[in-house]
Number of protein chains: 2
Amino acid sequence: MSQAIEQPRIVKIRENVLKKNDVLARQLRKRFQEEKVYVVNIVSSPGSGKTTLLTEVLTRLSKNFKVAALVGDLATENDAQRLQQSGAKVHQITTGTVCHLEAQMIEDSIKHWNLLDIDFLFIENVGNLVCPSSYDLGENVRVVLFSTTEGEDKPEKYPTIVNSADIAIVTKMDLAEVVDFNKEAFYQAIYQSRPNMKVFEVSAKKNI
Amino acid sequence: MSQAIEQPRIVKIRENVLKKNDVLARQLRKRFQEEKVYVVNIVSSPGSGKTTLLTEVLTRLSKNFKVAALVGDLATENDAQRLQQSGAKVHQITTGTVCHLEAQMIEDSIKHWNLLDIDFLFIENVGNLVCPSSYDLGENVRVVLFSTTEGEDKPEKYPTIVNSADIAIVTKMDLAEVVDFNKEAFYQAIYQSRPNMKVFEVSAKKNI
């Protein structure tokens, strides 16, 4: 098969997959709205601190709200086990070799739950700064995490996720000094793509 | 289009893409062997220290050998600029939204060079622990980097890359203590998938 023939077919299939995902994501969004569930999709590199931050958030929110979390990983149920310590409802999605979560996986997972019992649903995506940016999961807000230990240039090097996210969180602020994190350069890189982006600085381990 | 019809078509197209990549990778491997170029494919999460380690390696090797590097990123030429400080030949591959390097990109890039002028070719893949594991680039050896700051559980959570790599390098060892890196758990996670894997511990910044 020549490249000239093959390429358009791949693009077409990819468009179909994304279109199907978007249709389902829109249905999910409508359903979440009707059932009054606020949905947060959290995206970052592996090891940026999604699970640590989320454990802290779930623990605090669960005092006053009904909270739940879906957590995506290629393998293991480690993150679900960690998140369950918060007392929230947690379900693990094991993706095998798939590098992102898709709307279909969300729909399949929430079947176990009565949405009326949930005020906030957090979705912890697969650790990957590239692929999850193309997949709408019906969320209200998409949050991208960057850890200080990854370096200040990541927003500039992964513009797709910055462009598709609503909020950025800088994690591991307690390590900023020891890794010479250049905060000014980081903010410059963020604002270059998204001039008004809301950015929070945290350290979940040190409770900052 | 129903899912029952669509799914096999996607799998078929994916198989064709991978098969085409593998055929080209085999041709590249043969060519590298004939022209006596030793090729190293470096894979890790964003911010694990690929470029820092590579700058150090290129600088040291270039005293006695002819070295070159290809570096993949979604956007920016930052890494190529950093690597050029070593004095090696460097070419940036900008992938746009593509989450990995492919054999075709390598073939296109080495057209600029006479392979007889190269002893070692390093390929710095796109920062991603998932997608690059499926794409052979014709390398002699695939190296996966894990930084201590990402946590000791990453080899267990990203088994595909561990299974497809030949060597693992633990980076940012100077930060192991401050981030409570559990070295025993890390090695256990590695050896669970690959009992005899060669593992090196480094800190490129501190010259360990």
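Keep in mind the model is a prediction, meaning the values are calculated, not measured. Every chain begins its residue count from 1, and numbering advances along the sequence as written. Labels follow written order: the first chain is A, the first ligand is 1, and so on. Only residues with pLDDT of at least 70 are given local features in this predicted model, and only at 80 or more are side-chain atom pairs given and counted; all residues enter the totals for whole chains, interfaces and linings. For side-chain calculations, the full set of non-hydrogen atoms in the structure is used, while hydrogens and water are omitted.

## What to know about the overall build of chain A
Selection criterion: A helix here means a DSSP run of H or I that spans at least four residues, while a strand means a run of E at least two residues long, and both kinds are numbered starting from the N terminus. Note on classification: 1.4 Å probe, protein chains only; a residue is buried when its accessible area is under 20% of the maximum for its type, exposed when over 50%, partly exposed between these limits. Note on contacts: a residue pair qualifies if any of its non-hydrogen atoms lie within 4.5 Å across the two residues. In short, Shrake-Rupley with a 1.4 Å probe defines the accessible areas, and a residue's cover is counted only from the protein chains shown. The convention is simple: Lys and Arg are positive, Asp and Glu are negative, and His and the chain ends are not counted. Charge placement uses NZ in Lys and CZ in Arg. For Asp and Glu, CG and CD serve respectively.
Scanning chain A from N- to C-terminus turns up 7 helices and 7 strands. From first element to last, N terminus to C terminus, chain A shows the α and β order α-β-α-β-α-β-α-β-β-α-α-β-α-β. Here chain A holds 208 residues, and the buried ones make up 55% of them. Sequence separation of 24 or more characterises 72% of the internal contacts of chain A that already satisfy a separation of 6 or more. Carbon and sulfur atoms make up 50% of the accessible area of chain A, which totals about 9400 Å². If the 26 positive side-chain charges of chain A are averaged to one point and the 27 negative ones to another, these points end up 4 Å apart.

## Remarks on the pattern of salt bridges
The condition is simple: The working definition used for a salt bridge is a side-chain nitrogen of Lys or Arg within 4 Å of a carboxyl oxygen of Asp or Glu.
Overall, the coordinates contain 20 salt bridges over all chains when judged by the stated rule. Aspartate 73 of chain A is the salt-bridge partner of lysine 157 of chain B, the closest N and O atoms lying 3.6 Å from each other. Of this pair, lysine 157 of chain B sits in helix H5 (residues 154-157) while aspartate 73 of chain A sits in strand E2 (residues 67-73), placing the two residues on different chains. When its relative accessible area of 5% is taken as the criterion, lysine 157 of chain B is described as buried. Here aspartate 73 of chain A falls in the buried class, since its relative accessible area comes to 1%. Glutamate 139 of chain B is the partner of arginine 142 of chain B in a salt bridge, and the nearest nitrogen-oxygen pair spans 2.8 Å. Here the residues in one salt-bridge network are Asp73, Asp79 and Arg82 of chain A together with Lys157 of chain B, joined through shared partners.

## Quick notes on the environment of aspartate 22 of chain B
Mapped onto the fold, aspartate 22 of chain B is located in helix H1 (residues 3-34). Given a relative accessible area of 28%, aspartate 22 of chain B falls into the partly exposed group.

## Concerning helix H4 (residues 103-110) of chain A
Selection criterion: Think of it as the arc spanned by the lines of direction from the helix axis to the C-beta atoms.
Within H4 of chain A, the full set of buried residues consists of Ala103, Met105, Ile106, Ser109 and Ile110 of chain A. Along H4 of chain A, the residues classed as buried sweep out an arc of 160 degrees about the axis, all on the same side.

## A look at the confidence of the model for chain A
Which entries qualify depends on this criterion: Confidence scores here are pLDDT values: one per residue, from the predictor, ranging 0 to 100.
The pLDDT averaged across chain A works out to 93; a share of 96% of its residues lies at or above 70. On the interface metric, ipTM, the complex scores 0.89, and its pTM is 0.91.

## Examining the interface of chain A and chain B
What counts, and what does not: Accessible area, probed at 1.4 Å, shrinks when two parts are joined; the buried area is that loss added up over both. We call two N or O atoms a polar contact when they sit within 3.5 Å, provided that within protein one can donate a hydrogen and the other can accept it, with sequence-adjacent residues counted only if both atoms are side-chain atoms.
With 39 residues of chain A at the interface, the matching set in chain B holds 39 residues. Summed over both sides, the interface between chain A and chain B buries roughly 3500 Å², with carbon and sulfur atoms accounting for 57% of that surface. The tally of links between chain A and chain B comes to 4 salt bridges. The salt bridge partner of aspartate 79 of chain A is lysine 157 of chain B, with a shortest N-O separation of 2.6 Å. For the pair chain A and chain B, the interface holds 9 residue pairs in polar contact (both at pLDDT 80 or more). Mapped by element, the contributors of at least two residues to the side of chain A that touches chain B are helix H1 (3-34), helix H3 (78-84), helix H5 (154-157) and helix H6 (159-164) of chain A. Residue contributions to the side of chain A that touches chain B peak at 8 residues, all from H1 of chain A.

## Some points on the relation of the copies chain A and chain B
Formally: Least squares is the method for superposing the copies, and the C-alpha atoms it fits come from residues with pLDDT of at least 70 in both.
Superposing chain A onto chain B takes a rotation of 180 degrees plus a shift of 0.0 Å along the axis, which leaves an RMSD of 0.0 Å. Within this description, the copies of the chain are treated as partners about a two-fold rotation axis. The share of interface residues of chain A whose copies in chain B are also at the interface is 100%, consistent with both copies meeting through the same surface.

## Some words on the environment of lysine 154 of chain A
Note that lysine 154 of chain A resides in helix H5. The sequence separation of lysine 154 of chain A and serine 45 of chain A amounts to 109 residues, and the corresponding C-alpha distance is 9.9 Å. What lysine 154 of chain A contacts, discounting residues up to four positions off in sequence, is Phe146 of chain A together with Pro46 and Gly47 of chain B. A polar contact is formed between the side chain of lysine 154 of chain A and the backbone oxygen of glutamate 150 of chain A, at a distance of 2.9 Å.

## Considerations on the sheet that holds strand E6 (residues 167-171) of chain B
Residues and elements named next belong to chain B. Going by this rule: Note: two strands are recorded as paired if DSSP finds a minimum of 2 bridges between them. Inter-axis angles, ranging from 0 to 180 degrees, are taken between N-to-C directions of lines fitted to C-alpha atoms, where helices are fitted over the stretch in contact.
Strand order across the open sheet formed by 7 strands is E3-E2-E4-E1-E5-E6-E7, with parallel pairing between neighbours. Strand pairing shows two members of the sheet lacking a second neighbour, strand E3 (89-94) and strand E7 (198-201), which therefore form its edges. Across the sheet, the mean angle separating the axes of adjacent strands is 20 degrees when strand polarity is ignored. Of the strand pairs in this sheet, strand E2 (residues 67-73) and strand E4 (residues 120-124) are connected by 5 bridges, and their pairing is parallel. Bridge pairing in E4 links leucine 70 to isoleucine 123. Taken strand by strand, helix H2 (residues 50-61) contacts strand E1 (38-43), E2, E4, strand E5 (141-147) and E6, and its axis lies near 170 degrees from that of E4. Contacting E2, E3 and E4, helix H4 (residues 103-110) runs over the sheet at an angle of about 135 degrees to E3.

## Notes on the sheet that holds strand E4 (residues 120-124) of chain A
Residues and elements named next belong to chain A. On the basis of which strands lie adjacent, the open sheet formed by 7 strands has the order E3-E2-E4-E1-E5-E6-E7 and parallel pairing. Either end of the sheet is taken by a strand with one partner, and the two such strands are strand E3 (89-94) and strand E7 (198-201). Across the sheet, the mean angle separating the axes of adjacent strands is 20 degrees when strand polarity is ignored. Both strand E1 (residues 38-44) and strand E5 (residues 141-147) contribute to a ladder of 5 bridges, which runs parallel. Counterpart to asparagine 41 in the pairing with E5 is arginine 142.

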